[in-house]
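Coordinate inspection notes
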Amino acid sequence: MIRTAIIGYGRNGSTMHAGPVERYKDDFQVVAVCDIDPEAQEKAAARFHCPIYEDYHKMLAEVKPEFTIIVTRSYQHAQMAIDSLMAGSHVLVTKPWATNARDAERMIAAQQVTGRKLLPWLPARFGADLRQLRAIIDRGDIGRVFEVRRSATTFGLRRDWQTERRFGGGYLLNWGPHLVDQPLQLVSSPVTRVYGNLRQIINPNDGEDNLRVICHTEDGVTVVSEYLIAAGPYPAWVIQGDRGTIIVQGDTIHVYQANLPEKVGEKEYRSNTAITEYTEKITGQIYGDEYEIYPHIARALRGEEEYFVPLEEALRLSRLLDAARLSSRLGQEVCL
Ligand SMILES: NC(=O)c1ccc[n+]([C@@H]2O[C@H](COP(=O)([O-])OP(=O)(O)OC[C@H]3O[C@@H](n4cnc5c(N)ncnc54)[C@H](O)[C@@H]3O)[C@@H](O)[C@H]2O)c1
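Keep in mind it's a predicted model, so treat the numbers as computed, not measured.

Criteria and thresholds
- Residues numbered from 1 in each chain as written.
- Predicted model: local features only at pLDDT ≥ 70, side-chain atom pairs only at ≥ 80, totals over all residues.
- Heavy atoms only, no water.
- Buried < 20%, exposed > 50% of the residue type's maximum accessible area, 1.4 Å probe, protein only.
- Helix = DSSP H or I, 4+ residues; strand = E, 2+ residues; numbered from the N terminus.
- Pairing = 2+ DSSP bridges.
- Right-handed = clockwise from strand over helix to strand, strands pointing away.
- Polar contact = N/O pair within 3.5 Å; in protein donor to acceptor, adjacent residues only side chain to side chain.
- Contact = heavy atoms within 4.5 Å.
- Salt bridge = Lys/Arg side-chain N within 4 Å of Asp/Glu carboxyl O.
- Domains from an automatic or database assignment.
- Buried area = accessible area lost by both parts, 1.4 Å probe.
- Nonpolar A, V, L, I, M, F, W, Y, C, P; charged D, E, K, R; others polar.
- Axes fitted to C-alpha atoms, helices over the stretch in contact; angles between N-to-C directions.
- Parallel < 35°, antiparallel > 145°, perpendicular 65-115°, else oblique.
- Left-handed = near helix turned anticlockwise from the far one by under 90°.

Let's shift gears to the pairing of strand β2 (residues 28-34). As a general feature of sheets, a regular strand has side chains that alternate between the two faces. In terms of residue burial, β2 counts as a mostly covered element, since six of its seven residues are buried. Where strand β1 (residues 2-7) lies against β2, six bridges are found, and the strand directions are parallel. Note on β2: the bridge partner recorded for I7 is C34. With helix α1 (residues 13-23) bridging β1 and the parallel β2, this β-α-β connection has right-handed handedness. Bridging between β2 and strand β3 (residues 52-53) involves two bridges; their strand directions are parallel.

Set out below in structure tokens:
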């Protein structure tokens, strides 16, 4: 059993992380929970019957957890991760693991000094849609992919700290680790240029609530990621290949395949191309299932397998999000 502590027992910490560590009793034992909110402390005490702390430094010093899960507000993650690593604990940090690449580098430096494991949380890499889309592309069903578009739309307003930049809020950090990272898993060459357009449309405070990030890869693929706060339902994915298109609407993947003619006559206005369609239902959670990910975390902590997010990939994502913010400020594309 891995002696586990949780820092931040709020909306997400008490569900997405406390749930699996509670269920997988052979792997994890919750030895402490830390939160500054008395109500959260009470709930954690009633559930885990373990020591409860208000000060995470004290908790790290007294309990010496083997593994610490950090689920506090986004601007707190990097320093808490560094302090936990320095206290000798392995660390899982929820997304965004850092609010900028400089802090991500500081975390990696602490990981290297201590030799403890540092696990960035990018659960959408376990998304059921992503897995199925990858299989369709790998089968060659739409040919060579040259454009991927990933969209999330809503009219859902927020009023909490996620709307304030000083707390690491704003939707680039909140949604970028899902919507920017996920489609990049479908392309193989590195991103060389980034364009970002971050705007605040209907939320209060100073964090952007509407974003579009356009990445261009070395081998000519364009990847568009967008979170549109004032929009009705768009397709969640549109993937264009030179032999077909994939469109994901709701829980259905539509695959349109073009049967291109062998050759087109010189005077022909355009080819008469037959399009055929097949569909697939999405068979799981699109932002990843924590109950599937945590057994993998236990194996990674025991050194039985490599964790699914290499640190250099998480750092690359932080650099990319920084570049998107810079691009939005400058109003022009940024080269990486
Ligand atoms: N799918 C996902 O991976 C996913 C989903 C939701 C949220 N998140 C991430 O989880 C993090 C928390 O989001 P949330 O919605 O749960 O926020 P929240 O405000 O509900 O929870 C944060 C908790 O941290 C506590 N806290 C604040 N300062 C503290 C300190 N110094 N020491 C200990 N505890 C402290 C707060 O009291 C609160 O209970 C965010 O970074 C968010 O991006 C990830």
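This next bit is on the side chain of E226. Within the element layout of this structure, E226 appears in strand β10 (residues 222-228). In this structure E226 comes out as buried when scored by relative accessible area, which is 0%. A polar side-chain atom of E226 sits 2.7 Å from a polar atom in the side chain of S151. Leaving out residues up to four positions away in the same chain, E226 has contacts with R149, R150, S151, A152, L179, L211, R212 and Y234.

A separate point is the pattern of salt bridges. Note that side chains of opposite charge can pair when their charged atoms are close. In the structure shown here, the tally under the stated rule is 20 salt bridges. The partner of E39 in a salt bridge is K43, with the nearest N and O atoms 3.7 Å apart. Of the two residues, E39 and K43 are both situated in helix α2 (residues 38-48); the distance of four residues between them amounts to about one turn of the helix. E39 gets classed as exposed once you look at its relative accessible area, which sits at 52%. Between D141 and R139 there is a salt bridge, with its nearest N and O atoms 3.3 Å apart. For D141, a relative accessible area of 14% translates into the label buried. The class for R139 is partly exposed, based on a relative accessible area of 48%. Through salt bridges with shared partners, a single ionic network connects D27, R302 and E304.

To continue, consider the domain arrangement of the chain. By a widely used convention, the size of an interface equals the accessible area lost when the partners come together. What the domain assignment lists for the chain is domain 1 (2-121 + 289-309) and domain 2 (125-288). Here domain 1 and domain 2 have C-alpha centroids that lie 30 Å from each other. Between domain 1 and domain 2, the contact holds 15 residues from the first and 15 residues from the second. Where domain 1 abuts domain 2, roughly 1,300 Å² becomes buried across the two surfaces, and 61% of that area is made up of carbon and sulfur atoms. Broken down residue by residue, the surface that domain 1 buries against domain 2 is led by R73, K95 and D289, which jointly contribute 36%. For the pair domain 1 and domain 2, the interface holds one salt bridge. For the salt bridge of R131 with E292, the shortest nitrogen-to-oxygen distance reads 3.1 Å. Here domain 1 is connected to domain 2 by three residue pairs in polar contact (both at pLDDT 80 or more). Partitioned by chemical class, the residues of the side of domain 1 that touches domain 2 number six nonpolar, three polar and six charged.

Turning next to unusual backbone geometry. Here the residue pair K95 and P96 is connected by a cis peptide bond, since its omega of -10 degrees sits within 30 degrees of zero. When you line up the elements, P96 lands in the loop between β5 (90-93) and α5 (101-114). Even without a glycine there, the phi angle at H49 is positive, about 45 degrees. Take H49: it is sitting in the loop between α2 and β3. Located in the positive-phi region is N205, a residue other than glycine, with phi close to 70 degrees. Inspection of the secondary structure assignment puts N205 in the loop between β8 (191-199) and β9 (210-217). The class for N205 is partly exposed, based on a relative accessible area of 40%.

Picture the strands of a sheet paired through backbone hydrogen bonds; they go either parallel or antiparallel. Spatially, six strands are ordered β3-β2-β1-β4-β5-β6 in an open sheet, and the strand pairing comes out parallel. Two strands in the sheet have a free side with no partner beyond their single neighbour: β3 and β6 (118-120).

It is the contact of α1 with helix α9 (residues 290-301), at a shortest axis distance of 9 Å, that shows an interaxial angle of 60 degrees. The orientation of α1 with respect to α9, classified from their angle, is oblique. Relative to α9, the crossing made by α1 is right-handed. Where α1 abuts α9, its residues M16, H17, G19, P20, V21 and R23 lie against E290, Y291 and Y294.

In terms of burial, helix α7 (residues 171-179) is largely enclosed, as nine of its nine residues are buried. All buried positions along α7 are accounted for by Y171, L172, L173, N174, W175, G176, P177, H178 and L179. At its buried positions, α7 is contacted by β7 (145-153), α8 (181-184), β8, β9, β10 and α10 (311-330).

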